[in-house]
Amino acid sequence: MQTLATVETPEQVLEQIVYGINSGDLDSLIPLYETDAAFAAEPGSLAHGAPGVSEALSGFISMNGTLDLQVTRVLEVDDLALVVGTWSFDGTGPDGEPVHLEARNADVLRRQSDGTWRFVIDNPWGTD
């Protein structure tokens, strides 16, 4: 797991996602998710648990691109947070063609017993 100082807030978890994807470090990303977390690999489709999250994140990493993400709002109640932002990603598809993605994310994170935060639902597609 990352050091506690790097994921003490929901915003810092999102910063670590950007760092992990941009550096191609899948192993640094998995601990940012709860064991039973879900990842919206595409609008309306959830990949569940570590295997699903890993596969979805690997898809981004395989495009050797750059993720830019700006958190625009954090709504926090007790140990839950809704993190909303905008992101864009530029990489290369399996066919060698440029790929450009962008959307507004809506993610749910939970504060853990050690005070760190982890994803419960990673939804890069927001309300799409």
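What counts, and where the lines are drawn
Residues numbered from 1 in each chain as written. Predicted model: local features only at pLDDT ≥ 70, side-chain atom pairs only at ≥ 80, totals over all residues. Heavy atoms only, no water. Helix = DSSP H or I, 4+ residues; strand = E, 2+ residues; numbered from the N terminus. Contact = heavy atoms within 4.5 Å. Buried < 20%, exposed > 50% of the residue type's maximum accessible area, 1.4 Å probe, protein only. Polar contact = N/O pair within 3.5 Å; in protein donor to acceptor, adjacent residues only side chain to side chain. Salt bridge = Lys/Arg side-chain N within 4 Å of Asp/Glu carboxyl O. Pairing = 2+ DSSP bridges. Axes fitted to C-alpha atoms, helices over the stretch in contact; angles between N-to-C directions.

(A) Spotlight on the environment of A37. Looking at the secondary structure, you find A37 in strand β1 (residues 33–42). Remark: the alpha-carbon pair of A37 and V53, spanning 16 residues in sequence, is separated by 7.6 Å. Those residues in contact with A37 that lie beyond four places of it in its chain are A47, H48, G49, V53, F119 and V120.

(B) Focus on the side chain of S28. Considering the arrangement of structural elements, one finds S28 in helix α2 (residues 26–29). Taking the relative accessible area as the measure of exposure, S28 reaches 9% and is therefore buried. Engagement of the side chain of S28 in a polar contact is seen with the backbone oxygen of D25, the distance being 2.8 Å.

(C) Fine view of the pattern of salt bridges. Enumeration according to the criterion identifies three salt bridges in this entry. Linking R110 and E34 is a salt bridge whose minimum nitrogen-to-oxygen distance equals 2.7 Å. Separated by 76 residues along the polypeptide, R110 in strand β5 (residues 98–111) and E34 in strand β1 bring together distant segments of the chain. Classification of R110 as partly exposed rests on a relative accessible area of 32%. Note on E34: relative accessible area 17%, which makes it buried. In this structure, R111 and D79 form a salt bridge, with 2.9 Å as the shortest nitrogen-oxygen distance.

(D) Structural view of the sheet that holds strand β4 (residues 80–92). The six strands are arranged β2-β1-β6-β5-β4-β3 in an open sheet whose pairing can be described as mixed. Looking at strand neighbours, the two that pair on one side only are β2 (45–48) and β3 (66–77), the edges of this open sheet. Neighbouring strand axes in the sheet, compared pairwise and without regard to direction, differ in orientation by 30 degrees on average. Relative to β4, β3 runs antiparallel, the two sharing eleven bridges. Opposite V77, over in β4, you have L80 as the bridge partner. Along the sheet face, helix α1 (residues 10–23) touches β1, β3, β4, β5 and β6 (117–122) and points at about 165 degrees away from the line of β3. Packing of helix α3 (residues 49–62) onto the sheet brings it into contact with β1, β2, β4 and β5, and relative to β1 it is tilted by some 45 degrees.

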